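# Descriptive analysis of the structure
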Amino acid sequence: MSSCKEDDPRIDGIQSRIRVVPNFPKPGIMFQDITTVLLDPKAFKDTIDLFVERYKSKNITVVAGIEARGFIFGPPIALAIGAKFVPLRKPKKLPGKVIREEYDLEYGSDCLEMHVGAVESEERALVVDDLIATGGTLCAAMNLLERAGAEVVECACVIEIPDLKGRDRLNGKPLFVLVESR
């Protein structure tokens with residue numbers, strides 16, 4: 001298991017800013033709201049800094065952010081480590097030619113798309129999202145990048161919901177998380 005050092009005082013600050021919203025978007029869900037992290041400049045900066053510290057020397061050339069909250073964390077990480085940012089979008093949001101990866105969810109199916117040519121063969125990719133739950137979206141993102149010829153080095157999420165065992169679906173690919181859900 002790859003997770004942030006719990007003795008780093010920044011982790012408590014980030015964890016304390018994540019708002020848990022019961023029964024949203026439907027009954028029984030404990031929604032992990034990262035927008036409250038964004039309202040605190042120190043917590044937001046600490047979040048980005050922790051990822052940058054981990055990835056600045058790993059020769060990452062692509063940071064791929066999953067729509068939509070991966071778009072919040074991915075670009076500042078990419079800029080700080082000198083990598084390009086590639087958005088992985090929901091269907092019909094990107095103009096031009098795309099490649100797509102369909103995947104199953106617990107309540108149906110979904111799809112991620114990426115521009116053809118956004119990633120080149122043998123590039124080293126980091127996949128970024130706010131949260132890992134069941135792991136389906138991260139798996140689809142990795143498949144999409146690998147089909148384009150990239151090597152997915154690791155996945156990075158702010159929050160993990162361990163009870164949903166999404167990490168187990170990643171086929172041994174490293175996952176780095178800052179905090180576990182409350």
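Residues numbered from 1 in each chain as written. Predicted model: local features only at pLDDT ≥ 70, side-chain atom pairs only at ≥ 80, totals over all residues. Heavy atoms only, no water.

## Things to note about unusual backbone geometry
Each neighbour pair has its own omega, and for Phe24 with Pro25 the value is 5 degrees, a cis peptide bond. Secondary-structure assignment places Pro25 in the loop between strand E2 (19-22) and strand E3 (30-33). A positive phi angle, close to 75 degrees, is found at Glu122, a residue other than glycine. Topologically, Glu122 is positioned in the loop between strand E7 (108-115) and strand E8 (124-132). (Helix = DSSP H or I, 4+ residues; strand = E, 2+ residues; numbered from the N terminus.)

## Thoughts on the pattern of salt bridges
Inspection of every chain in the model, using the stated rule, returns 17 salt bridges. Where Asp33 meets Arg19, a salt bridge forms, and the shortest distance between an N and an O atom there is 2.4 Å. With Asp33 in strand E3 and Arg19 in strand E2, the pair connects residues that are 14 residues apart, well separated along the chain. For Asp33, a relative accessible area of 6% gives the class buried. Of the charged contacts in the structure, one is a salt bridge between Arg124 and Glu151, with a shortest N-O distance of 3.3 Å. Of the two residues, Arg124 is situated in strand E8 and Glu151 in strand E9 (residues 151-160); the sequence distance between them amounts to 27 residues. (Salt bridge = Lys/Arg side-chain N within 4 Å of Asp/Glu carboxyl O. Buried < 20%, exposed > 50% of the residue type's maximum accessible area, 1.4 Å probe, protein only.)

## A look at the packing of helix H1 (residues 9-17) against helix H3 (residues 41-55)
Running from amino to carboxyl end, H1 crosses H3 at an angle of 130 degrees, the nearest separation of the two axes being 9 Å. As summarised for this structure, H1 and H3 are arranged oblique, according to the angle between their axes. For the element pair H1 and H3, the recorded crossing hand is left-handed. Residues Arg10, Ile11, Gly13, Ile14 and Arg17 of H1 form the contact with H3, whose participating residues are Ala43, Asp46, Thr47, Asp49, Leu50 and Glu53. When grouped by side-chain class, the residues that make up the contact of H1 with H3 number 4 nonpolar, 2 polar and 5 charged. (Axes fitted to C-alpha atoms, helices over the stretch in contact; angles between N-to-C directions. Parallel < 35°, antiparallel > 145°, perpendicular 65-115°, else oblique. Left-handed = near helix turned anticlockwise from the far one by under 90°. Contact = heavy atoms within 4.5 Å. Nonpolar A, V, L, I, M, F, W, Y, C, P; charged D, E, K, R; others polar.)

## Things to note about the pairing of strand E10 (residues 175-180)
A large share of E10 lies buried, amounting to 5 of its 6 residues. Note that E9 and E10 share 5 bridges and pair parallel. Residue pairing for E10: Cys155 is matched across the bridge by Leu175. (Pairing = 2+ DSSP bridges.)

## Let's talk about the packing of aromatic side chains
In the structure shown here, the tally under the stated rule is 5 aromatic pairs. Measuring from centroid to centroid gives 6.3 Å for Tyr55 and Phe176, while their planes differ by 90 degrees, and the two rings are edge-to-face. With Tyr55 in helix H3 and Phe176 in strand E10, this pair connects stretches of sequence that are 121 residues apart. Of the two residues examined, Tyr55 and Phe176, each falls in the buried class. Taken together, a centroid distance of 6.0 Å and an interplanar angle of 90 degrees make the contact between Phe71 and Phe85 edge-to-face. (Phe/Tyr/Trp six-rings, centres within 6.5 Å; stacked < 30°, edge-to-face > 60°.)

## Considerations on H1
All buried positions along H1 are accounted for by Arg10, Ile11, Ile14 and Gln15. Looking straight down H1, one finds its buried side chains confined to an arc of 135 degrees; they lie on one side. Of the residues in H1, the exposed ones pointing more than 90 degrees away from the buried face are Pro9 and Asp12. (Arc of directions from axis to C-beta.)

## Section: the state of the cysteines
In the structure shown here, the tally under the stated rule is 0 disulfides. For the unlinked cysteine Cys155, the closest cysteine sulfur is that of Cys157, found at 6.8 Å. (Disulfide = S-S within 2.5 Å.)

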